2 protein chains.
Amino acid sequence: MFGNQILGSVSYQGIRHFSSFDPTKNRENSEHFLCASDEEIEIALQSASISFDSFAQSTPQKRSLLLLQIVAELIEIQENIKHIYCKESGLSTDRFFIEFNRTINQLRLFASFLTNSYLEIQSETPENTDLSLPKLIKKRIGIGPVLVFGASNFPLAYSTIGGDTVSALAAGCPVIVKAHPFQPETSYLVGNAIQKAISKTDFHPGIFSQLFDDSYDLAKILIQDSRVKAVGFTGSFSGGNALLELINKREEPIPLFAEMGSSNPVFIFPELLKEKLDKWSTIFAKSITNDAGQFCTKPGIFFVPTNSDGREFVDLLTKKVLEEPSFTMLHPKIFNAFEAKKRERLEECSGELIEKKGDLVPCMAKQAILISSIESFLNSKSLQKEVFGPFALILYYSTKAELASAIDHLDGQLTASILLSDEEFVNNQDLIFKLSQKVGRIIKNGVPTGVRVCDNMHHGGPFPATTDSRFTAVGTDSIHRFTRSVVFQN
Amino acid sequence: MFGNQILGSVSYQGIRHFSSFDPTKNRENSEHFLCASDEEIEIALQSASISFDSFAQSTPQKRSLLLLQIVAELIEIQENIKHIYCKESGLSTDRFFIEFNRTINQLRLFASFLTNSYLEIQSETPENTDLSLPKLIKKRIGIGPVLVFGASNFPLAYSTIGGDTVSALAAGCPVIVKAHPFQPETSYLVGNAIQKAISKTDFHPGIFSQLFDDSYDLAKILIQDSRVKAVGFTGSFSGGNALLELINKREEPIPLFAEMGSSNPVFIFPELLKEKLDKWSTIFAKSITNDAGQFCTKPGIFFVPTNSDGREFVDLLTKKVLEEPSFTMLHPKIFNAFEAKKRERLEECSGELIEKKGDLVPCMAKQAILISSIESFLNSKSLQKEVFGPFALILYYSTKAELASAIDHLDGQLTASILLSDEEFVNNQDLIFKLSQKVGRIIKNGVPTGVRVCDNMHHGGPFPATTDSRFTAVGTDSIHRFTRSVVFQN
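Since the model is a prediction, treat every value here as computed from it, not as a measurement.

(A) Spotlight on the packing of helix α2 (residues 60-76) of chain B against helix α5 (residues 163-171) of chain B. Residues and elements named next belong to chain B. Taken N-terminus to C-terminus, the directions of α2 and α5 make an angle of 150°; their axes are 8 Å apart at the nearest point. Relative to α5, the element α2 lies roughly antiparallel. The crossing of α2 and α5 is right-handed. Judged by residue contacts, R63, L67 and I70 of α2 engage V166, L169, A170 and A171 from α5. Class assignment for the residues of the contact of α2 with α5 results in six nonpolar, no polar and one charged.

Laid out in structure tokens, this is it:
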């Protein structure tokens, strides 16, 4: 029986418990996880609140050491995590290594940021130092305890020690993680590593808690508590929207940064396809199907010119998508939603659904391409909604005016990709600007998957992609979700 | 009859109308202002939305010229504004000149910021340019049309062309101003100057509209419209909170930055008073009473040591506050609220209210000091609420522990002031850090009034001082309320 991780140790007060699921074996795992009791929730909130004073006053250098110590602890238990990660997610060991390294690199990036370039103190520029004026020094401090909801599709890089937790700790904010119920043991192992690192670097143990629950009760209690000062969430639109509704009921408004998915449209212009049909269909077939397309940046909608090149591209893409290997999805709930949404989208348009053949194996996603026209897209509000999984919608278009209408009709997105020649790039600056108003990142002649974790990344976008387009979930700028300024005068 | 300022001209469709009030003459002014009709509101929203594309794509240099042209237009009609400003606010001509210059300087600061230091494009740092990695360029763009609610206590510097409008225009966001109904003609004159400047610098006339209404209907329609992408508000807690409730009903969440006032506590430590009783009592008496204390940063609560120095300070402060001239308040509604809140605070504590003697003259605020103890403060939730006007609450304390409790009990504030010796400053770092968690600015040995408009200012603070402590309403950083990033990859 696994307990809740609070104040540097593990508490076993809960009564209800739950288990995770192994999608590759299609059965429940045998370990049990206790749901946090009301008293445990209270201790986690209280200790986060109490520890904020000392944590916020710690030097960035000391917080940098904490992040590096977490790296060391994670590396020590890498083999152990690998086993549990695969068992609770159905993801491959190859994928584990990619994500583990990403997680480590993200911690190291923030550690380096804290020692090198984090502008904790912003003094006045020399030209402003008129002696008759008051002297101002601006300092960034953490906003307070941050509540983090991890994503199930990145059990490491966007979960217990994912971007939200790392940026909050870097900012000097205590963190309470609600562990994702699909991967409780992975979360637990990572939580244990964090607790050890906190102890070894002499921080207050209250700066990190991880609570478990497979119902919505825990989220409701935590998000409405006055001691919580900001919330980070990565997940579905319905999940993020539910948190938004809860947060709007609070007396004190607090920032919620919810990243809620995206259909990541791809705009293919006529010129580029002339010679590179094979190359681009191969690259995008992999981007659609890899790891069962369970990425927030998976390309989900393609606008393709309705000419012979366009049709050939779609034929090739469809063929290659079906030829790619199928993958187990993260959980039966995700698999069932994927199967249902494919059918829903088909009903929403008069299109053709081409699916991988074969019997339906539990949790094994059958990749699919749905071919329709830009008219059905323009006439529907829901056809553009994300289908989480190895699926893409093809929309044939004829004119630039249709593309402009499509961009106008588009909901906010994390990314958009444009495939075009240099000449088309120059001639379509108006469309590209229009597109920039709907997205957080535009990829020219490339795939949207594979978000680089670096200073310059922007992983965000207008609603409903996120709840606040001004912030990013990835890269060092994500720290600003959880900091505020204080000016010291004289 | 004055109409609504839309699309570069004036529209006269409305039926309902209202007039402003001259508090110094205690009578309504004779001019009539038409409330915006539904169709006019629709045109303003539509033209803001349509003009966003070209405005957001304009260069920062061109927007800089717009701001400087607004300066030129304002200077041209300065005499005319002065007359109307005084007639609609009861503020003095001296105050007009201070505020007019502040408004001009604010425009110039942003104009200079746009040409010099606004990082429109953030390229990668050299060490990140590994050729195998995708190249990222991060660009800031405006968030979309911004709705601005001006404040009545700064008819220029926080109103039609106040900090919210200037920072939104600087960011490339079209602005719809809801003119403050206390100063419609001042707003109209400024709106006219903005329209002229837009025309002379060849921007789309849709980037600025100003609508008039003395009811809440207009605000309700505007804030819930999907074309509005951000809101700036300066005013009372009840006003800001009402907007927060409306905005929470939207399907698409948008940023609201509401600055909602503050009691700006002053913490007086024992040492400093020993020799400088006279100096500090003079300085703070002016800060409390100047322009009828109608400032968001007016010092409203004093924590004073309960020893002979402290008592002498309070005697001197009270005497000087009563000796200072009385001022007309902005409007009968504000005057009535002031009179009512003084009595409310007295009822909320077992204190002594010392008021300026004399008959009650309509709109003329009688400055007052309310003397009570820290216990009554700690036992009440409402005693610390802002009294907008020339009023301060004195709270005697005995121990440092009491001060710590008071800080814990304090709501979020724009500012706090600390009066202490160098030794006390060193010995009270724990208290000062605790205080920094509740405020946006800490002033050492100075008054909170007189907010410098500069790059380094932070005018904000935790709720209920503002709705989002991460942003500032004053200074060039305020532009970030209305910008978001887009990354261009490859």
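(B) Spatial organisation of the relation of the copies chain A and chain B. By a simple turn and slide, chain A fits onto chain B: the slide is 0.0 Å along the axis, the RMSD is 0.0 Å, and the turn is 180°. With respect to symmetry, the two chain copies, as superposed, fit the operation of a two-fold axis. When C-alpha positions in chain A are compared against the rotation axis, the closest is assigned to N248(A), at 3.0 Å.

(C) A look at the environment of L147(A). Residues and elements named next belong to chain A. On the secondary structure map, L147 appears in strand β9 (residues 146-149). The buried category is assigned to L147, whose relative accessible area is 1%. Distance in space between the C-alpha atoms of L147 and S209 is 9.7 Å, their sequence separation being 62 residues. Those residues in contact with L147 that sit more than four places away from it in its chain are I176, L222, I223, V228, A230, V231 and G232.

(D) Representation of the domain arrangement of chain A in the model. Residues and elements named next belong to chain A. For chain A, the assigned domains read domain 1 (4-260 + 468-489) and domain 2 (265-444). At the junction of the two partners, domain 1 supplies 16 residues and domain 2 supplies 16 residues. Linking domain 1 with domain 2 are one salt bridge, by the criterion used here. A salt bridge links D291 to R95; the nearest nitrogen and oxygen atoms lie 3.0 Å apart. Put simply, domain 1 and domain 2 have two residue pairs in polar contact (both at pLDDT 80 or more) between them. In terms of residue class, the side of domain 1 that touches domain 2 is built from six nonpolar, seven polar and three charged.

(E) Spotlight on the confidence of the model for chain A. Overall, the prediction assigns chain A a mean pLDDT of 94, with 97% of residues at 70 or greater. The ipTM assigned to the predicted complex is 0.91, against a pTM of 0.94.

So, how was this worked out
- In this convention, every chain numbers its residues from 1, walking through the sequence in written order.
- Following the order in which they are written, the chains are lettered starting with A and the ligands numbered starting with 1.
- The model is predicted, so local features are restricted to residues of pLDDT at least 70 and side-chain atom pairs to those at 80 or more, both for listing and for counting; the totals for chains, interfaces and linings are taken over all residues.
- Where side-chain values are given, they derive from all heavy atoms of the structure, hydrogens and water being excluded.
- Inter-axis angles, ranging from 0 to 180 degrees, are taken between N-to-C directions of lines fitted to C-alpha atoms, where helices are fitted over the stretch in contact.
- To qualify as a helix, a DSSP run of H or I must reach at least 4 residues; to qualify as a strand, a run of E must reach at least 2; elements of each kind are numbered from the N terminus.
- The cut-offs work like this: below 35 degrees is roughly parallel, past 145 is roughly antiparallel, 65 to 115 is roughly perpendicular, and the gaps in between are oblique.
- Crossing chirality is assigned from the near helix's rotation relative to the far helix, an anticlockwise turn below a right angle marking it left-handed and a clockwise turn marking it right-handed.
- A contact between two residues is defined here by any heavy atoms of the two lying within 4.5 Å.
- Residues are grouped as follows: nonpolar covers Ala, Val, Leu, Ile, Met, Phe, Trp, Tyr, Cys and Pro; charged covers Asp, Glu, Lys and Arg; every other residue, Gly included, is treated as polar.
- Only residues with pLDDT of at least 70 in both copies contribute their C-alpha atoms to the least-squares superposition of the copies.
- With a 1.4 Å probe rolled over the protein chains alone, any residue whose accessible area is under 20% of its type maximum counts as buried; one over 50% counts as exposed, and the rest are partly exposed.
- An automatic or database domain assignment supplies the start and end points of every domain.
- Salt-bridge detection follows one rule: a side-chain nitrogen of Lys or Arg within 4 Å of a carboxyl oxygen of Asp or Glu.
- In protein, a polar contact means a hydrogen-donor-capable atom and an acceptor-capable atom, both N or O and within 3.5 Å, with residues adjacent in sequence counting only if both atoms are side-chain atoms; elsewhere, any N or O pair within 3.5 Å suffices.
- Values of pLDDT, which run from 0 to 100, indicate the predictor's confidence residue by residue.

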